[in-house]
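Summary of the model geometry
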Amino acid sequence: MRIIRTKDYQDMSHKAADVMSAQVILKPNSVLGLATGSTPLGMYKKLIEWNREGGLDFSGVTTINLDEYDGLPADNDQSYRYFMRQNLFDHINIKPENNHLPDGLAADPKAECARYDALIAEKGIDMQLLGLGHNGHIGFNEPGDSFVAGTHRVALTESTIQANKRFFASADEVPRHAYTMGIQAIMQAKRILVVVSGQEKAQIVRDALCGPITPAVPASILQLHPNVVLVGDTEALSLI
Ligand code: GLP
């Protein structure tokens, strides 16, 4: 694992955008696995800036997002599709038909998971972006007794509901279930880019990178991936 230590959030965002833009420049028809959450926002801003001013070209790029809340329509402002449009897709020259997320309103969850896995298998992810949940989740792969290979519908843990309630009117409004890409699709990405920021992530960064490989800390599986770049600020990397 390559660890890039940056001085603060801005610096982290810039350096993570450097890595992601290099991927797009080197392979203009890249398939990018993308993530939501607060951490990638600064990186997305940089990519938008470079698309507008520097000609970073997304016209051949395909995106496959990690996850989506169950029960939220695409036009709900808390859905991850809405988040991605607001914070990236609507501001760059990417083709809307090339942006893929799980369908939060799928009538048949099993069929939706199978559809998503088939899509990922067909496209193949070149670079997967990951944030890190406070409990070590990646996507919405929550801590558990075993790693889950495929896309699945998951019950969110109390810790995740509490962490994500800041985006909703109250904790009660946070959906209790979500669809998430499984560990297999994440780990089969050719490259993985992890972004972490802030003191509150320091302990889980340490557990994930230096602790045992265990489904109790889903991100610990990244230790087995041959091509991970982790970009973190001083605070998030303060314990490693
Ligand atoms: C959410 C997302 C994850 C994300 C995590 C961390 O639960 N499903 O993909 O990595 O939150 O978010 P943040 O970057 O806001 O700490």
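Heads up: the structure comes first, above all this text.
What comes next concerns the included structure. (Residues numbered from 1 in each chain as written. Predicted model: local features only at pLDDT ≥ 70, side-chain atom pairs only at ≥ 80, totals over all residues. Heavy atoms only, no water.)

**Comments concerning the site of the ligand**
Going by this rule: We call a residue near a molecule or strand when any one of its heavy atoms sits within 4 Å of it. In protein, a polar contact means a hydrogen-donor-capable atom and an acceptor-capable atom, both N or O and within 3.5 Å, with residues adjacent in sequence counting only if both atoms are side-chain atoms; elsewhere, any N or O pair within 3.5 Å suffices. With residues, only the protein chains shown are counted as cover, and all accessible areas are computed by Shrake-Rupley using a 1.4 Å probe.
Near the ligand you find 14 residues, and of these Ser38, Thr39, Asp67, Arg166 and Lys201 are the closest. Between Asp67 and the ligand, the recorded distance is 2.8 Å, taken from a side-chain N or O atom to a nitrogen atom. Contact distances for the ligand include 2.8 Å between an oxygen atom and a side-chain N or O atom of Arg166. Contact with the protein chains removes 96% of the 390 Å² of surface that the ligand exposes when unbound.

**Digging into the sheet that holds strand β4 (residues 67-69)**
Cut-off, in case you're wondering: Strand pairing is assigned whenever DSSP identifies at least 2 bridges connecting the two strands. Working definition: helices are DSSP H or I runs of at least four residues, strands are E runs of at least two. Numbering for both runs from the N terminus. Orientation is described by axes fitted as lines to C-alpha atoms, over the contacting stretch for helices, and by angles from 0 to 180 degrees between their N-to-C directions.
Pairing is antiparallel across the open sheet formed by three strands, whose spatial order is β4-β8-β7. Looking at which strands have only one partner, the edges of the open sheet turn out to be β4 and β7 (152-155). Strand-to-strand twist across the sheet, computed as the mean angle between neighbouring axes with direction ignored, equals 25°. In this structure, β4 lies alongside strand β8 (residues 177-180), joined through three bridges in antiparallel fashion. In the strand pairing of β8, Glu68 is matched with Tyr179.

**A short note on the pattern of salt bridges**
Definition in use: Counted as salt bridges are all cases of a side-chain nitrogen of Lys or Arg within 4 Å of a carboxyl oxygen of Asp or Glu. Think of it in three bands: with a 1.4 Å probe and only protein chains considered, a residue is buried below 20% of the maximum accessible area for its type, exposed above 50%, and partly exposed in between.
Inspection of every chain in the model, using the stated rule, returns eight salt bridges. With its nearest N and O atoms 2.8 Å apart, the salt bridge here joins Asp11 to Lys15. One end of the pair, Asp11, and the other, Lys15, are both in helix α1 (residues 9-26), four residues apart, so they sit about a helical turn from each other. Judged by relative accessible area, Asp11 falls into the buried class, the value being 14%. A relative accessible area of 30% places Lys15 in the partly exposed class.

**Thoughts on a nonpolar patch on the surface**
Quick reminder of the rule: Only residues whose relative accessible area exceeds 30% and that form no salt bridge are eligible for patches; like-charged ones are grouped when within 9 Å, while nonpolar side chains (Val, Leu, Ile, Met, Phe, Trp, Tyr) are grouped when within 5 Å.
Taken together, the side chains of Met1, Ile3 and Ile240 define a hydrophobic patch exposed on the protein surface, amounting to about 240 Å² of accessible area. Take Met1: it is sitting in the segment before β1 (2-6).

**Quick notes on the sheet that holds strand β6 (residues 127-130)**
In plain terms, the rule: Two residues qualify as a contact provided that any one of their heavy atoms is within 4.5 Å of a heavy atom in the partner residue.
With parallel pairing, seven strands are arranged side by side in an open sheet as β1-β10-β9-β6-β2-β3-β5. The open sheet has two edge strands, β1 and β5 (99-100), and neither has a second partner. Strand direction decides the pairing type here: β6 and strand β9 (residues 191-196), joined by four bridges, are parallel. Considered in β9, the bridge of Gln128 is made with Ile192. Sitting on the sheet, helix α4 (residues 109-123) touches β2 (31-34), β3 (62-65) and β5, and the angle it makes with β3 is about 145°.

**What to know about the environment of Phe140**
As for its placement among the helices and strands, Phe140 is situated in the loop between β6 and β7. Residue classification places Phe140 among the buried residues on the basis of a relative accessible area of 2%. Sequence spacing of Phe140 and Ala178 is 38 residues, and the spatial spacing of their C-alpha atoms is 7.2 Å. Among residues more than four places away in sequence, those in contact with Phe140 are Asp67, Tyr69, Tyr80, Val154, Leu156, Thr160, Asn164, Ala178, Tyr179 and Thr180.

**Structural notes on the packing of helix α2 (residues 41-53) against helix α3 (residues 80-87)**
We count it as follows: For classification, angles of less than 35 degrees are called roughly parallel, those exceeding 145 degrees roughly antiparallel, those between 65 and 115 degrees roughly perpendicular, and all remaining angles oblique. Think of it as three bins: nonpolar holds Ala, Val, Leu, Ile, Met, Phe, Trp, Tyr, Cys and Pro, charged holds Asp, Glu, Lys and Arg, and polar takes everything else, Gly as well.
With their axes 10 Å apart at the nearest point, α2 and α3 run at an angle of 45° to one another. Taken together, the axes of α2 and α3 are oblique relative to one another. Taken together, the residues of α3 that come into contact with α2 (itself represented by Leu41, Tyr44 and Ile48) are Phe83, Met84 and Asn87. Its residues assigned to classes, the contact of α2 with α3 shows five nonpolar, one polar and no charged.

**Quick word on the pairing of strand β10 (residues 228-233)**
Definition in use: A clockwise path from the first strand over the helix to the second, with the strands pointing away from the viewer, defines a right-handed crossover.
With respect to burial, β10 is a largely interior element, six of its six residues being buried. The two faces of β10 match: Val228, Leu230 and Gly232 on one face and Val229, Val231 and Asp233 on the other face are all buried. Bridge analysis of β1 against β10 gives five bridges, and the strand direction is parallel. Looking across to β10, one finds that Arg5 is bridged to Gly232. With respect to chirality, the unit in which β9 leads through helix α7 (residues 202-210) into the neighbouring parallel β10 is right-handed.

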